[in-house]
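Given next are the chains, with one letter for each unit.
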Amino acid sequence: MKLGKEDFSGVVAPIVNPCREDDSLDVPALEQNLARLLAADIAGLYINGGTGDAACLTQEERLQTAALAVPACLAAQKLAVVHVGQTGQRQAAALAEQAALLGAHAVASIPPKKPWPQIADYYRALAAVGLPVIVYYIPGVTGMTAGMPELRGLLGIPGVAGIKVSDWNIFLLRNIVLEYPEKIVYSGFDEMLVPGLLYGADGCIGTWANLLPGLYAKIFARVRAGQADAVRPAMDAFTAFLAKCWNYGVLDTFEELMRAKGWAGRCFRRPSGWNPGRVPPDALAALIEELAALERMAGAL
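Fair warning: this is a prediction, and the values are worked out from it, not measured in the lab.

1. Quick word on a nonpolar patch on the surface
Moving on, step 1. Together, Phe-171, Leu-198 and Tyr-199 line one region of the surface with nonpolar side chains, adding up to about 320 Å² of accessible area.
Moving on, step 2. Note that Phe-171 resides in helix H7 (residues 170-179).

Okay, here's the thing in structure tokens:
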């Protein structure tokens, strides 16, 4: 069944692909996280994205994780969006074809580091597979910034259904929303959750939804209901928490907390700079307490 724009709205958690100390895929931990997140009140999962460390997975591992995650999403009646980027075009198309066969609702991709006309050709090739395509704009990773002229060249491609914007330029997201009201627009930075929604984003795909899916879901529901003031205390607490996490490296701290919760021995494969203990024990204990407080705030929203 073809989904409409509203069917893609909400919190889409970019699930981690945990690994063991030898960097091999930890399948039992992945299955545990699938069950945990799909039991939460979120819209679905973003599979094999940056949070899923997809660039450090082999093609076979990416096929394996999608084969596990997409059917689990469908069984839970949740969205399954499979990221196929950070590969060559042949590999990306093969991942997209597998996603289509599995019944995924859409594919997404970071752009290749090529001139914009070649990038447009790349997205046309993905769209030819037949699933809706989500462009992933993340200049901090690609090193390529774009304005509306470049993004129009991608959003106008038949089959491109929307875009994920991971950028501090919130006005760019707003311009996309205004110019393409029919397109799906996701915000990507956790710190921009509420600003993105207030500027018209249809949902978010943020790393920390792995740790706080309930908080994300409650914030999304309240803001969409016109009750942004009701979430301000929780959002103020969350951004203050994230500011502390940045002091130790935001992804390092995320990985420490995932490990402390028992959900992943490691999230990111070497040459990741993280090792257990990167966050001082007293600081980690305080952050775990703040995480629990945020979960309680979510329960009260």
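2. Topic: the packing of aromatic side chains
Each pair of aromatic rings is reported with the distance of its centres and the angle of its planes.
Moving on, step 1. With the rule as written, the count across this model stands at seven aromatic pairs.
Moving on, step 2. Between Phe-254 and Phe-268, the ring centres sit 6.5 Å apart and the planes meet at 45°, which makes this aromatic pair tilted. Here the residue Phe-254 occupies a position in helix H11 (residues 250-260), and Phe-268 occupies one in the loop between H11 and helix H12 (281-300), the gap between them amounting to 14 residues.
Moving on, step 3. The class for Phe-254 is buried, based on a relative accessible area of 0%.
Moving on, step 4. The rings of Trp-208, Phe-241, Phe-254 and Phe-268 are connected pair by pair, giving a single aromatic cluster.
Moving on, step 5. Note that Lys-164 overlies the ring of Tyr-46, its terminal NZ or CZ placed 4.7 Å from the centroid.
Moving on, step 6. The ring of Tyr-199 is capped by Arg-174, whose NZ or CZ atom sits 5.8 Å from the centre of that ring.

3. Observations concerning the pairing of strand S2 (residues 44-47)
Moving on, step 1. Across three bridges, the pairing between strand S1 (residues 10-14) and S2 is parallel. Across the sheet, Val-12 pairs through a bridge with Gly-44, a residue of S2.
Moving on, step 2. For the crossover from S1 across helix H1 (residues 27-38) to S2, the handedness is right-handed.
Moving on, step 3. With four bridges connecting them, S2 and strand S3 (residues 79-83) associate as parallel partners. Paired with Ile-47 across the strands is Val-82, a residue of S3.
Moving on, step 4. Each parallel crossover has a hand, and for S2 linked through helix H2 (residues 59-75) to S3 it is right-handed.

4. Description of unusual backbone geometry
Moving on, step 1. Note that the residue after Arg-270, namely Pro-271, is joined by a cis bond; omega there is 20°.
Moving on, step 2. Along the chain, Pro-271 turns up in the loop between H11 and H12.
Moving on, step 3. The phi torsion at Asp-23 lies on the positive side, around 75°, for a residue other than glycine.
Moving on, step 4. If you trace the backbone, Asp-23 turns up in the loop between S1 and H1.
Moving on, step 5. For Gln-86, which is not glycine, the phi torsion reads 65° and is therefore positive.
Moving on, step 6. In this structure, Gln-86 sits in the loop between S3 and helix H3 (89-102).

5. Re the side chain of Asp-190
Moving on, step 1. Among the secondary structure elements, Asp-190 is positioned in the loop between strand S7 (184-187) and helix H8 (193-198).
Moving on, step 2. Buried and unpaired, Asp-190 has no salt bridge, with Lys-164 as the nearest side chain of opposite charge at 8.2 Å.
Moving on, step 3. Looking at Asp-190, its side chain comes within polar contact range of the main-chain nitrogen of Trp-208, at 2.9 Å.
Moving on, step 4. A distance of 2.3 Å separates polar atoms of two side chains, one belonging to Asp-190 and the other to Tyr-216.
Moving on, step 5. Discounting residues that sit within four places of it in the chain, Asp-190 has contacts with Gly-206, Thr-207, Trp-208, Ala-209, Tyr-216, Met-235, Phe-238 and Leu-242.

6. Re the nonpolar core
Moving on, step 1. Formed by 87 residues in total, the largest nonpolar core has its most connected members in Leu-45, Tyr-123, Trp-208, Phe-238 and Phe-241.
Moving on, step 2. In terms of residue count, the dominant contributor to this core is helix H10 (residues 228-246) (seven residues).
Moving on, step 3. The residues touching Leu-45, leaving out its near neighbours within four places in the chain, are Val-12, Ala-13, Ile-15, Leu-34, Leu-37, Leu-38, Cys-73, Leu-79, Ala-80 and Val-81.
Moving on, step 4. In this structure, Tyr-46, Leu-79, Ala-106 and Ile-110 belong to the second largest nonpolar core, which totals 15 residues.

7. Notes on the layout of surface pockets
Over the atoms rolls a probe the size of a water molecule, and in doing so it shows where empty space is left.
Moving on, step 1. Roughly 780 Å³ of volume is contained in the largest pocket.
Moving on, step 2. In terms of lining residues, the largest pocket is bounded by 39 residues, among which Gly-50, Ile-138, Val-141, Thr-207 and Leu-251 are the most central.
Moving on, step 3. Within the residue set of the lining of the largest pocket, elements represented by two or more residues are helix H5 (139-142), H10 and H11.
Moving on, step 4. Counting residues per element, the lining of the largest pocket draws most heavily on H11, at four residues.
Moving on, step 5. Here the lining of the largest pocket is built from residues that sort into 20 nonpolar, eleven polar and eight charged.
Moving on, step 6. Quantified by volume, the second largest pocket comes out at close to 270 Å³.
Moving on, step 7. Along its surface, the second largest pocket is lined by 15 residues, and Lys-2, Leu-3, Phe-8, Pro-132 and Ala-161 are the ones closest to its centre.
Moving on, step 8. Of the residues belonging to the lining of the second largest pocket, the class tally is eight nonpolar, three polar and four charged.

Scoring rules and cut-offs
Residues numbered from 1 in each chain as written. Predicted model: local features only at pLDDT ≥ 70, side-chain atom pairs only at ≥ 80, totals over all residues. Heavy atoms only, no water. Patch = residues over 30% accessible without salt bridge, like charges linked within 9 Å, V, L, I, M, F, W, Y side chains within 5 Å. Areas by Shrake-Rupley, 256 points an atom, 1.4 Å probe, with all protein chains shown as cover. Salt bridge = Lys/Arg side-chain N within 4 Å of Asp/Glu carboxyl O. Helix = DSSP H or I, 4+ residues; strand = E, 2+ residues; numbered from the N terminus. Phe/Tyr/Trp six-rings, centres within 6.5 Å; stacked < 30°, edge-to-face > 60°. Buried < 20%, exposed > 50% of the residue type's maximum accessible area, 1.4 Å probe, protein only. Lys NZ or Arg CZ within 6 Å of the ring centre and 35° of its normal. Pairing = 2+ DSSP bridges. Right-handed = clockwise from strand over helix to strand, strands pointing away. Lys, Arg positive; Asp, Glu negative; His and termini not counted. Polar contact = N/O pair within 3.5 Å; in protein donor to acceptor, adjacent residues only side chain to side chain. Contact = heavy atoms within 4.5 Å. Core = buried A, V, L, I, M, F, W, Y, C linked by side-chain atoms within 4.5 Å. 1 Å grid on protein atoms, 1.4 Å probe; cavity = no way out; pocket = protein on both sides within 12 Å on 5 of 7 lines; lining within 4 Å. Points joined across faces, edges and corners; volume = space filled by probe spheres on them. Nonpolar A, V, L, I, M, F, W, Y, C, P; charged D, E, K, R; others polar.

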